[in-house]
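Survey of secondary and tertiary structure
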Amino acid sequence: MSEILAARGVELRYGSSPAVRKADIVLRRGEVAAITGPSGSGKSSLLYCLAGVLPLHGGEVRLEGRKLGDLSDGELSALRRDRLGFVFQYG
Ligand SMILES: Nc1ncnc2c1ncn2[C@@H]1O[C@H](COP(=O)(O)OP(=O)(O)OP(=O)(O)O)[C@@H](O)[C@H]1O
Ligand SMILES: [Mg+2]
């Protein structure tokens, strides 16, 4: 099965506060995954990294083989529009 999403060593900080530390995840076509954890553990932050909403401070994310860090703002916007969907939480 081909990898749709492959994230390796993903790191994200807000200022000097780490939110995502060396996260790895691989999803193949047809797989469904749930990211769980306590409030503040970095689930939303990780999703923002996986979707190209926030630039990484370390690691890489590949979506359908394309490394998000190599894409222009316009290419990222098109990818988010065409290939990704978000249901935002309240509260
Ligand atoms: N915009 C921001 N600026 C500064 N710190 C932030 C910001 N967003 C999140 N954080 C911090 O980053 C850490 C991870 O937050 P995040 O929202 O990713 O967690 P979460 O697992 O999605 O939590 P929840 O279950 O409450 O939605 C927390 O310490 C949070 O306070
Ligand atoms: Mg959240």
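Predicted, not measured: the structure shown is a model, and the values here were computed from it. Throughout this description, residue numbers start from 1 for each chain and increase along the sequence as written. Key to labels: chains lettered from A, ligands numbered from 1, both in the order written. Predicted model: local features are reported for residues with pLDDT of at least 70 only, side-chain atom pairs are reported and counted for 80 or more only, and whole-chain, interface and lining totals are derived from all residues. Hydrogens and waters are ignored; side-chain quantities use all the structure's heavy atoms.

1. Let's talk about the pairing of strand S3 (residues 58-63)
At least two DSSP bridges between two strands are needed for those strands to be called paired. In DSSP terms, a helix is any run of H or I states spanning at least four residues, a strand is any run of E spanning at least two, and both are numbered starting from the N terminus. Here strand S1 (residues 3-14) pairs with S3 via five bridges, running antiparallel. Pairing of Leu-5 across the sheet is with Leu-63, part of S3. One ladder, built from two bridges, connects S3 with strand S4 (residues 66-67); its direction is antiparallel. For Arg-62, the partnering residue across the bridge sits in S4 and is Lys-67.

2. Side note on the site of ligand 1
The nearness test applies per residue and asks whether one of its heavy atoms lies within 4 Å of the molecule or strand. Taken together, Tyr-14, Ala-19, Pro-38, Ser-39, Gly-40, Ser-41, Gly-42, Lys-43, Ser-44, Ser-45 and Gln-89 make up the full set of residues near ligand 1. Counting of polar contacts relies on pairs of N or O atoms within 3.5 Å, with two restrictions inside protein: one atom must be capable of donating a hydrogen and the other of accepting it, and residues adjacent in sequence are counted only when both atoms are side-chain atoms. Here an oxygen atom of ligand 1 and a backbone polar atom of Ser-41 are 3.3 Å apart. Interatomic distance of 2.6 Å between a side-chain N/O atom of Ser-45 and an oxygen atom of ligand 1. Isolated, ligand 1 exposes 630 Å² of accessible area, and the fraction of that covered by the protein chains is 54%. Under the scheme applied here, ten amino acids are nonpolar (Ala, Val, Leu, Ile, Met, Phe, Trp, Tyr, Cys and Pro), four are charged (Asp, Glu, Lys and Arg), and all others, including Gly, are polar. A breakdown of the residues in the shell around ligand 1 according to their chemical character gives three nonpolar, seven polar and one charged. For accessible areas, the Shrake-Rupley method is used with a probe of radius 1.4 Å. Any residue's cover is judged against the shown protein chains and nothing else.

3. Topic: the pattern of salt bridges
Criterion for a salt bridge: a side-chain nitrogen of Lys or Arg within 4 Å of a carboxyl oxygen of Asp or Glu. Applying the stated criterion to the full structure yields six salt bridges. Lys-22 is the salt-bridge partner of Glu-11, the closest N and O atoms lying 3.7 Å from each other. Here the residue Glu-11 occupies a position in strand S1, and Lys-22 occupies one in strand S2 (residues 17-28), the gap between them amounting to eleven residues. Exposure remark for Glu-11: the relative accessible area of 23% places this residue in the partly exposed category. The partner of Arg-62 in a salt bridge is Glu-60, with the nearest N and O atoms 3.0 Å apart. When salt bridges that share partners are traced, they join Glu-60, Arg-62 and Lys-67 into one network. Three exposure classes are used, based on accessible area relative to the maximum for each residue type with a 1.4 Å probe and protein chains only: buried under 20%, partly exposed in between, and exposed over 50%.

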